[in-house]
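The chain contents come next:
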Amino acid sequence: MGEQREKLWSKDFILITLSNFFLFLIIQMQLPTFPTYAKETYLANDFTAGLTASFFALGAVVARVFTGEWLKSKSSKRILIVGLCVVGLTTAGYYWTSSMTLLLIMRALFGFGFGISSTTLPTVVTNAIPSKRLGEGMGYYGLSQSLAQALGPMIGLGVLSAFGFGSMLSVGVAAIVLIFPIVSIIRAYRQPTPGVHAQEKGLKRFYDKKILLPAFLNFCMSVTYGGLVSFLALYGREANIEHISWFFLCNAVAIVLVRPISGKLFDKKGHIAVFPPGAIFIILGLIGLSYVKNDVILIISALLYGAGYGCIQPSTQAWMVKEVKPEQRGMANGFFLNSIDCGIAVGSILLGTIAAQTSYAMMYRLSALLMVLFLIVYFLARLSAVKQRKRASVPVSVSQNIEA
């Protein structure tokens, strides 16, 4: 009973969650603004503009592969500070980019710093959460990302529109500067356990086949999100939608409201209770967005998409973590985050190419097909799992008679 009553909202937990909010605020400010900046400043086409998100995601994916290994043998505090320094320096460095090529290089470096930081912070926060309240604690910790997802695009697009690209970067630099004094007083850092790194060999360090299905489903969903963060501002101009940034706010509000409900459903009934309805919500949200004519339809589409996203994403992470051994949870979380970043990267390129050949409205309609694929793969995998369980439940004597 004593452990159950341990305090969740400790100083360390609050400070780490606050740091995560500022980190993701910077990311969410930049994701929807850079394609617009690339098109206006360097006259980039949709494909090239989408690369600003793709190069960022590539840097983050590479960083996470190595960060999981570094955390086993090096100080998590030092790793976090290095990652934050890279984020801060590259954010300031955007001021001096003079070509599209240099901008893409800076985006990859920025993604590398973000990958280090975003992998280290959740590792540190688990040290500040009582073991019997880990699921609850990680749920609240994840809401800091949802809040940043709500405010970041609105702040980024608003500042870019009113004051220009330089001012938007200044806000990002200010946010990263705020993180350093916060992480310096956190006490939840732990030194790595000797010998753990040496026990793991081969590709098992980086993945487990049991998490490939949920990772693929999360990837499909993230491709659709890549189309939102990369091209929603441009779609707003094409469709003459004045308050297009409201989509991000309403989307995030729905995510925050749905996450606690979907988490309880997942715990009680499994992913079958949240994945199909979540996919349907996203399909309806994307189709509604493609036909937006006024703010009411925009808000409804955002709420539908956010409800679906809030059902699927946290449940996917919980599914992946439950499938692996405790010592593999860092790997599972890294794989989960990489499936998001890879999806955003592919979405920026693939959907940008589709938009260039058709329109942004058609692009969102076609992106809904990815969630149809999501449902097909999910139900086929579930059907296969049910058949395997039935075969495994057949007594040995019966199976021998059948074979005879």
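As a reminder, the structure under discussion sits directly above these lines.
Residues numbered from 1 in each chain as written. Predicted model: local features only at pLDDT ≥ 70, side-chain atom pairs only at ≥ 80, totals over all residues. Heavy atoms only, no water.

> Got a minute to help me understand the overall build of the protein in this structure?
Broken down by element type, the protein carries 15 helices and 0 strands. Within the protein, buried positions represent 52% of all 404 residues. Put simply, of all contacts in the protein between residues at least 6 apart along the chain, 85% involve residues at least 24 apart. Carbon and sulfur atoms form 66% of the exposed surface of the protein, whose accessible area is close to 18200 Å². (Helix = DSSP H or I, 4+ residues; strand = E, 2+ residues; numbered from the N terminus. Buried < 20%, exposed > 50% of the residue type's maximum accessible area, 1.4 Å probe, protein only. Contact = heavy atoms within 4.5 Å. Areas by Shrake-Rupley, 256 points an atom, 1.4 Å probe, with all protein chains shown as cover.)

> Whenever I open this one, unusual backbone geometry confuses me. Can you help?
Most peptide bonds adopt trans geometry, and most residues besides glycine take a negative phi value. Backbone geometry places Leu43, a non-glycine residue, at a positive phi of 55°. Locating Leu43 in the fold gives a position in the loop between α2 (34-42) and α3 (46-73). In this model, Asn240 sits at a positive phi of 60°, which is unusual for a non-glycine residue. Tracing the sequence through the fold places Asn240 in the loop between α9 (212-238) and α10 (246-269).

> Can you walk me through a nonpolar patch on the surface in this structure?
Taken together, the side chains of Met362, Leu366, Leu369, Val372, Ile376 and Leu380 make up a nonpolar region of the molecular surface, amounting to roughly 510 Å² of accessible area. Within the secondary structure, Leu366 sits in helix α14 (residues 360-393). (Patch = residues over 30% accessible without salt bridge, like charges linked within 9 Å, V, L, I, M, F, W, Y side chains within 5 Å. Salt bridge = Lys/Arg side-chain N within 4 Å of Asp/Glu carboxyl O.)

> Please clarify how the nonpolar core should be interpreted in this entry.
General note: in soluble globular proteins, nonpolar side chains tend to be found buried as a group. Residues Ile16, Leu232, Tyr235, Leu289, Ile312, Tyr364 and Phe374 are the most contacted members of the largest nonpolar core, which totals 109 residues. It is α9 that provides the largest number of residues to this core, a total of 12 residues. Split by domain, this core shows at least three residues from each of two domains, domain 1 (8-189) and domain 2 (208-391). Sequence-distant contacts of Leu232, that is, excluding residues within four places in its chain, are made with Gly227, Ile244, Phe247, Phe248, Leu289 and Tyr364. (Core = buried A, V, L, I, M, F, W, Y, C linked by side-chain atoms within 4.5 Å. Domains from an automatic or database assignment.)

> Just to check I follow, could you spell out the environment of Val229 for this structure?
Relative to the helices and strands, Val229 resides in helix α9. What makes Val229 buried here is its relative accessible area of 1%. Between the C-alpha atom of Val229 and that of Met29, which follows or precedes it by 200 residues, the distance is 9.8 Å. Ignoring anything within four residues of it in the chain, the contact list for Val229 reads Leu31, Pro32, Phe248 and Ile344.

> Sorry, what's going on with the packing of α9 against helix α11 (residues 275-290) here?
Helix packing for two helices is described by the angle between their axes and how far apart those axes are. Contact pair α9 / α11: the axes reach a minimum separation of 12 Å and the direction vectors enclose 20°. Classified by the angle their axes make, α9 and α11 are roughly parallel. Every pair of crossing elements has a handedness; the one defined by α9 and α11 is left-handed. Contact residues: Leu217, Met221, Thr224, Leu228, Leu232 and Tyr235 in α9; Phe275, Ile282, Leu286, Leu289 and Ser290 in α11. Its residues assigned to classes, the contact of α9 with α11 comprises 9 nonpolar, 2 polar and no charged. (Axes fitted to C-alpha atoms, helices over the stretch in contact; angles between N-to-C directions. Parallel < 35°, antiparallel > 145°, perpendicular 65-115°, else oblique. Left-handed = near helix turned anticlockwise from the far one by under 90°. Nonpolar A, V, L, I, M, F, W, Y, C, P; charged D, E, K, R; others polar.)

> Can you help me understand the pattern of salt bridges in this one?
Opposite charge on two side chains makes pairing possible when the charged atoms of those side chains draw close. Inspection of every chain in the model, using the stated rule, returns 1 salt bridge. Here Arg237 ties to Glu40 by a salt bridge, and the two come within 2.7 Å at their closest N and O atoms. Of this pair, Arg237 sits in helix α9 while Glu40 is found in helix α2, placing the two residues 197 residues apart along the sequence. Assessed through its relative accessible area of 49%, Glu40 is described here as partly exposed.

> Would you take a moment to explain the side chain of Thr97 for this structure?
The topology assignment puts Thr97 in the loop between α4 (76-93) and α5 (100-128). Using a relative accessible area of 9% as the deciding quantity, one classes Thr97 as buried. Side-chain polar atoms of Thr97 contact the backbone oxygen of Tyr94, separated by 2.9 Å. If we ignore the near neighbours within four places in the chain, the residues touching Thr97 are Tyr37, Tyr42, Leu102, Leu103 and Met106. (Polar contact = N/O pair within 3.5 Å; in protein donor to acceptor, adjacent residues only side chain to side chain.)

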